Amino acid sequence: MKEKHFFAGSNASKGLSSYFESILNPEKLNRLYILKGGPGVGKSSFMKKFADKMKAKNYSVDYIHCAGDNDSIDGIIVHELKIAFVDGTAPHTIDPILPGTADEIINLGEFLDGEQLQKHKYQIIQINQTKSHYYKSAFKYFQAAAIISEEINSLYDQFIDNKKFNEMCNQVINKLFPVYFWSDKKGKSVNMFSEAYTSDGFISYTQPLYQDKKIWAVVGENTNYTSSLLSIIADEAVKRGYDIECFYRPLAAEKLQHLCIPEMNLMIISTENPIHNGYEEIFDIHEFMDTDKLKAHISEIENNLYLHDLLINKALDKLYEAKKQHQLLEVFYINSMDFDGVNRVFDNTINKYI
């Protein structure tokens, strides 16, 4: 895969959840460039432009998308060169861990005309306050949606045979990891999101991750159990020396949604729909559910699903309004920027690698 797209952060039920520290480890990089500066100074454009140059040289690029605005980039990684760029400004403030040795700050804010911005100080303050209000509102709706989601899960929980679930977990582990294979090294995990709720709506990069991989599916509406099974697999994989990629749920950032074991060329996904010709293995939690007793609660579940979707849509509306405020902020900063200076910094940086 020449390029991969995912999120490091998610607008979740407890606020903005971030896995930047898991993804961007300066100890594993030759150089981590941390871009600083306000909205509209060109951080995302800088990274996209750099990524284009790297792809032209046939390097692989990972794109870390912004959960607030999917069109914006929070970071890129060029694996062959072991270099990465990241937006180090709020809300995911990132500062150097190994300054001078691996980390380097690129401050695009130095090309801002402070006197020009000063003229609009009170407008900027007001817009920032309004933007913050919309984000706080969005997170309240996400929190409410998560409560409803757990209420739905609690209904499913009542009708699952835990003994049979544990037996299926053992079956999956035995199928995936032969008993005779064991590694002296412990594997490592990288955490991220392949899906997110953004100002542009719900965005998923899950399907492109399937490319040229074997796919196993864990089927079930109950995210407590699908997440639990994936966590058991992840723990076992790490114990046996496999490096893994963990993709978490956008609303419940502590719950595993998908799992990739690159060394096995395997993607294990959770899904509510088992109908897919590409799945090599399917592990269906419905097989040990008492579906007859569950039928008595179908109407309640459907009503809760409707309420859940309504709350999510309200949250997305608030994120969209926050994005509009951010775009207003960008106008002030763009009109105060010396982009020739930004271009000079870009040229100096790219010349180190081409």
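Quantities reported herein were computed from a predicted structural model and do not represent experimental measurements.

Engineer: Just checking my understanding: could you explain the overall build of the protein chain for this structure?
Structural biologist: Secondary structure assignment for the protein chain yields 10 helices and 16 strands. With the principal axes as the frame, the protein chain shows a C-alpha extent of 70 × 50 × 35 Å. A total of 354 residues make up the protein chain; the buried ones form 52% of that total. Put simply, 79% of the contacts in the protein chain that link residues at least 6 apart link residues at least 24 apart.

Engineer: What should I look at first to understand the sheet that holds strand S16 (residues 279-284) in this one?
Structural biologist: Sheet strands pair via backbone hydrogen bonds, and the direction of the pair is either parallel or antiparallel. Taken in spatial order, the six strands line up as S9-S13-S14-S15-S12-S16 in an open sheet, and their pairing is mixed. The outermost strands of the open sheet, each flanked by one partner alone, are strand S9 (189-192) and S16. In this sheet, adjacent strand axes meet at a mean angle of 20° when their direction is disregarded. The pairing of strand S12 (residues 214-219) with S16 spans five bridges and is parallel.

Engineer: Looking at this structure, I do not really get the environment of Ser 132. What am I missing?
Structural biologist: With respect to the helices and strands, the residue Ser 132 is situated in helix H4 (residues 121-157). Using a relative accessible area of 30% as the deciding quantity, one classes Ser 132 as partly exposed. Once the C-alpha coordinates of Ser 132 and His 326 are considered, the two residues, 194 residues apart in sequence, prove to be 10.0 Å apart.

Engineer: What's the story with the pattern of salt bridges in this structure? I'm lost.
Structural biologist: As a working rule, side chains carrying opposite charge can pair if their charged atoms are close by. One pass over the structure, following the stated rule, counts 12 salt bridges. Salt-bridge contacts for Glu 104 lead to Arg 31; the nearest nitrogen and oxygen are separated by 3.9 Å. Here Glu 104, found in strand S8 (residues 103-107), pairs with Arg 31, found in strand S4 (residues 31-36); they are 73 residues apart in sequence, far enough to count as distant. Each of Asp 69, Asp 200 and Lys 323 takes part in one network of salt bridges that share partners.

Rules used throughout
Along each chain, residues carry numbers from 1 onward, in the same order as the chain's sequence is written. This being a predicted model, a pLDDT of at least 70 is required before a residue's local features are given, and a value of 80 or more before pairs of side-chain atoms are given or counted; all residues contribute to the totals for chains, interfaces and linings. Hydrogen atoms and water are omitted, and side-chain values are computed over all heavy atoms in the structure. Helical segments are the DSSP runs of H or I of at least four residues, strand segments are the runs of E of at least two, and each set is numbered from the N terminus. The buried label applies to any residue whose accessible area, calculated with a 1.4 Å probe on protein chains only, is under 20% of its type's maximum; exposed applies above 50%, and partly exposed to all values in between. Two residues form a contact once any of their heavy atoms are found within 4.5 Å. Strand pairing is assigned whenever DSSP identifies at least 2 bridges connecting the two strands. To obtain an axis, a line is fitted to C-alpha atoms, over the contacting stretch when the element is a helix, and the angle between two such axes runs from 0 to 180 degrees between their N-to-C directions. When a carboxyl oxygen of Asp or Glu lies within 4 Å of a side-chain nitrogen of Lys or Arg, that pair is called a salt bridge.

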